[in-house]
Amino acid sequence: MERVIQFLERHLLPVVRIIAEQRHLQALRDGIVSTVPLLLIGSSFLICAFPPIPYLARLVDPYVSALLTVVNATFGIMGLVASFSIAYALAASYAIDALSSGLLSVSAFILASPFTKEGHIDSGLMGSKGLFVAMIIGLLVVEVQRFMIKKNIIIKMPEGVPLSVGRSFAVLLPGVVILVSIFIINVMLAKIEEGSIPEVINRVVTAPLLHLGGTLPAVLIAVFAIQLLWCFGIHGQALVGTGVMAPIWLAFTQQNAVAKMAGEAVPNIICQQFIDVFILIGGSGTTLALAVLLFTTVKSNQLKALGRTSLLPGVFNINEPIIFGIPIVMNPIMIIPFIVAPLLCIITTYLFMTSGFVDKPYALAPWTTPAFVSGFLVTGDWKGTALQVLNFIISGIIYYPFLKIWDENKVKEEQEQIRAEQMNTQLPQE
C-alpha cells in the first residue's frame, strides 16, 4: 500500500494539481455553482407543489400552477445564468472587465438560440437544455475578448474620460466581432439545414456527454476519483464533482423536475441528488456511519474525542474533522473503506431505483440537509429514507473492521506515550 501511495504521489498528484489550477475548469466550476441557489429555491417550491403527503397534496392542489411559476423562473433560466457567471468568472481570472464579459456572453447566448417565425426565443434553451451551449459560449466570448485586448484591437478613450465609459468602449469592438460571428454562423447553418448553433453543440457535445455521464460505470469512476483525491488531501468533490460532473448531473436534475411538473415519469436515476443524498451520507466517503462508530465503539481517547466533535457536523454532511482528524488522508488502513463504501452504496442505490422499489429523485435538496430527511424530500417516497438507512448500515459494516484495527493502533500509541511520560517523571532530577 505504501508503494502504491508513493507511486500516486509521484505521478498522479502533479497532474491533479495542474487540472485543479486550470482557469477554464475553475470558471466552469464557479459558474455552475452560482446556479445552485436558484435550483434549491425552485426545488423547494417543487416540493411544495407536489408534497409527498396526500393530505397536503389535496390542500395545495388549487395553487399548483402558481407554485410552478417559481420553479420555471429558477430551473428555466439555468443556462442563461450560467452563460453570465461562467464568462464573469473566467474574465475575472484574466483581470478583464468581468461585468462586460458576462453581459456580452448573455447577449451571444441569446443570439445563438433559434428564434421562432414570430421572433420569440426558444425558452427551453434558457434552462438545462442550453447549459452546455452556455458553457462553450461563455468561455469563447472571454477568449476572443482577451485576444483582442492583448492585440490592442479595442477603442481606447482619452484620459479624463470616466472609467465606466472607457470600459464600455473597450468592449465595443470585441462585442461586434463576437455577435456578428455568431449571426453569420447561424445564417450559414440555416442555409445548409444543419439547424442552429445550440442544435449542433447539443448533437455533437451534449448528447454524448449526457449519455456517458448518466451511466453506472461513469458514476463509479467519478466517485472513485473523488475519493482517491480526498485520500491525498485534495478536495475531490470540488474538483471532480462540482468542476467536471456537476453540469451533467444538474442537467439530469432539471430533466427530472420538468418531468415531475408535467406529470410524466421521472426519467433519470443519476442526477445531483443521487450523489448528494444517497451516496455522500455524512460527506465524501459516506462517513456518517464512521462518525457514529467513533462516538460509540472506539477505545482510543483521541478517537473518542474525535467522535464527540465530528458527529454533529457529520449529521449535516460535513466531514473534514474526520478526514483530517483520524486521519483518512494518507492513511493506508482507512483509505480502503473510504473508497469502497460509497462505491457499494452507488451500486445498491442504482439497483433499488432501477427495479422501481425506490422512486427516482426529482427535487434538489441543500447538501447540508440531514440524512434520513433528505431521502424522503427529494423522492417524495418513504422508501427513499429506508434506502438511506440501508446505505448507512452498509457503510458502517465496511468501516467497522478497519476502524477497529486503527483504534487498536491508536490505543497502543497512547499507552506507549503514557509509559514514556511516566519514565520521564521517575528520572532523578539534577
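Residues numbered from 1 in each chain as written. Predicted model: local features only at pLDDT ≥ 70, side-chain atom pairs only at ≥ 80, totals over all residues. Heavy atoms only, no water.

J.: Quick one: what's the story with the overall build of the protein chain, residue by residue and with numbers?
T.: In terms of regular secondary structure, the protein chain is built from 21 helices and zero strands. Seen through its C-alpha atoms, the protein chain measures out along the principal axes to roughly 90 × 65 × 40 Å. The 430 residues of the protein chain split such that 46% are buried. In the protein chain, once contacts between residues fewer than 6 apart in sequence are set aside, the share between residues at least 24 apart is 72%. Total accessible area computed for the protein chain in this model is approximately 20900 Å², and 68% of it derives from carbon and sulfur atoms. Positive and negative side-chain charges of the protein chain, numbering 25 and 25 respectively, have mean locations separated by a distance of 2 Å. (Helix = DSSP H or I, 4+ residues; strand = E, 2+ residues; numbered from the N terminus. Buried < 20%, exposed > 50% of the residue type's maximum accessible area, 1.4 Å probe, protein only. Contact = heavy atoms within 4.5 Å. Areas by Shrake-Rupley, 256 points an atom, 1.4 Å probe, with all protein chains shown as cover. Lys, Arg positive; Asp, Glu negative; His and termini not counted. Charge placed at Lys NZ, Arg CZ, Asp CG, Glu CD.)

J.: Pulling in residues and values, what's your account of the pattern of salt bridges?
T.: For the structure shown, the criterion picks out four salt bridges. Of the charged contacts in the structure, one is a salt bridge between Asp 30 and Arg 29, with a shortest N-O distance of 3.2 Å. Its relative accessible area of 39% is what places Asp 30 among the partly exposed residues. Two residues, Glu 413 and Lys 410, come together in a salt bridge whose shortest N-O distance is 3.2 Å. Of this pair, Glu 413 and Lys 410 both sit in helix H21 (residues 382-426), three residues apart, which is roughly one turn of that helix. We classify Glu 413 as partly exposed; its relative accessible area is 43%. Overall, the relative accessible area of 9% leaves Lys 410 in the buried class. (Salt bridge = Lys/Arg side-chain N within 4 Å of Asp/Glu carboxyl O.)

J.: With reference to specific residues and values, describe the nonpolar core.
T.: Phe 274, Leu 290, Leu 294 and Ile 326 are the most contacted members of the largest nonpolar core, which has 109 residues in total. If one sorts the elements of this core by residue count, helix H14 (residues 236-261) sits on top with 11 residues. Beyond its immediate sequence surroundings of up to four residues, Leu 290 is in contact with Ile 322, Ile 326, Ile 328, Met 334, Tyr 399 and Leu 403. (Core = buried A, V, L, I, M, F, W, Y, C linked by side-chain atoms within 4.5 Å.)

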